[in-house]
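Fold and contact review
Residue strings, one per chain:
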Amino acid sequence: MKGDIYIIVGGVNIDLYTTYGISMGDGFIDEVDKPLPMKELVSNEVRTANGVQYFVDTQRAFDSIEHTLNFRFVCRDVEELRANKTAFFEELYKGLITLYIPSINVKLRLLYTGKNATYKTNKWRNTASVSVKFIEPNPTNR
């Protein structure tokens, strides 16, 4: 819906719904809110000692995180859908993008991977669901 999600281009918030007819798809907020992955612990496996010794630092680091985000296009007709889909993917093809979600006050800095994207339309070809994979290189920078 209008005002649900923005893409930030050149410091300007562009509403995805009014510009491309895009709203958040199923599980979008759940995907963004999932727990952040931690980097692996440093360990020392000595053959003369039982078990494994882990070096637990109080300042553990977060790892990058992969997101699969679902977007829903709603358009008047097939021509508008194709034009909006093409324009949206042109933004993604630039590489690093920033999505802003006001309802949870989060700015996601994402890298579009271009892998395993899915695209499905309805029989009238005026709405579509798109599932896109991203990498969030530093999930603490939101």
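Just above sits the structure.
Residues numbered from 1 in each chain as written. Predicted model: local features only at pLDDT ≥ 70, side-chain atom pairs only at ≥ 80, totals over all residues. Heavy atoms only, no water.

Here we take up the packing of aromatic side chains. In this structure the tally under the stated criterion is 10 aromatic pairs. Plain terms: the ring middles of Phe88 and Phe89 are 5.9 Å apart, the flat faces sit at 80° to each other, and that makes the pair edge-to-face. Phe89 shares its class with Phe88; the two are buried. Here the aromatic cluster, defined as three or more aromatic residues joined through ring pairs, consists of Tyr20, Phe28, Phe71, Phe73, Phe88, Phe89, Tyr93, Tyr112 and Phe134. (Phe/Tyr/Trp six-rings, centres within 6.5 Å; stacked < 30°, edge-to-face > 60°. Buried < 20%, exposed > 50% of the residue type's maximum accessible area, 1.4 Å probe, protein only.)

By secondary structure assignment, the location of Ser23 is in strand 3 (residues 22-24). According to the relative accessible area criterion, Ser23 is buried, its value standing at 10%. Non-local contacts of Ser23, meaning those with residues more than four positions away in its chain, are made with Met1, Tyr17, Asn70, Phe71 and Arg72. (Helix = DSSP H or I, 4+ residues; strand = E, 2+ residues; numbered from the N terminus. Contact = heavy atoms within 4.5 Å.)

Another point: the environment of Tyr6. Relative to the helices and strands, Tyr6 is located in strand 1 (residues 6-9). Residues Tyr6 and Phe28, spaced 22 residues apart in sequence, show a C-alpha to C-alpha distance of 13 Å. In contact with Tyr6, other than residues within four places in its own chain, are Asn13, Ile14, Asp15, Leu16, Thr98, Leu99, Tyr100 and Pro102.

On to a nonpolar patch on the surface. Among the surface-exposed residues, Leu41, Val52, Tyr54 and Val56 lie close enough to one another that they form a single nonpolar patch of about 360 Å² accessible area. Inspection of the secondary structure puts Tyr54 in strand 5 (residues 53-55). (Patch = residues over 30% accessible without salt bridge, like charges linked within 9 Å, V, L, I, M, F, W, Y side chains within 5 Å. Areas by Shrake-Rupley, 256 points an atom, 1.4 Å probe, with all protein chains shown as cover. Salt bridge = Lys/Arg side-chain N within 4 Å of Asp/Glu carboxyl O.)

Counting through the fold element by element, His67 comes out in strand 6 (residues 65-74). Judged by relative accessible area, which is 1%, His67 ranks as buried. When neighbours within four sequence positions are excluded, His67 is seen to be in contact with Glu31, Val32, Lys34, Leu110, Val132, Lys133, Phe134, Glu136 and Arg142.

Each regular strand shows side chains that alternate between the opposite faces of the sheet. Two strands pair when backbone bridges link them, and strand 9 (residues 118-121) and strand 10 (residues 127-136) are joined in this way by 4 bridges, in the antiparallel orientation. Bridge pairing in strand 10 places Thr121 opposite Ala128. The hairpin turn running from strand 9 into strand 10, its antiparallel successor, is 5 residues long, and Arg125 in that turn takes a positive phi close to 60°. (Pairing = 2+ DSSP bridges.)

Looking at the element boundaries, Phe55 is found in strand 5. By relative accessible area, which is 41% here, Phe55 ends up partly exposed. Separated by 14 residues in the primary sequence, Phe55 and Leu41 place their C-alpha atoms 6.8 Å from one another. With sequence-adjacent residues up to four places away left out, Phe55 is seen in contact with Leu41, Val42, Ser43 and Asn44.

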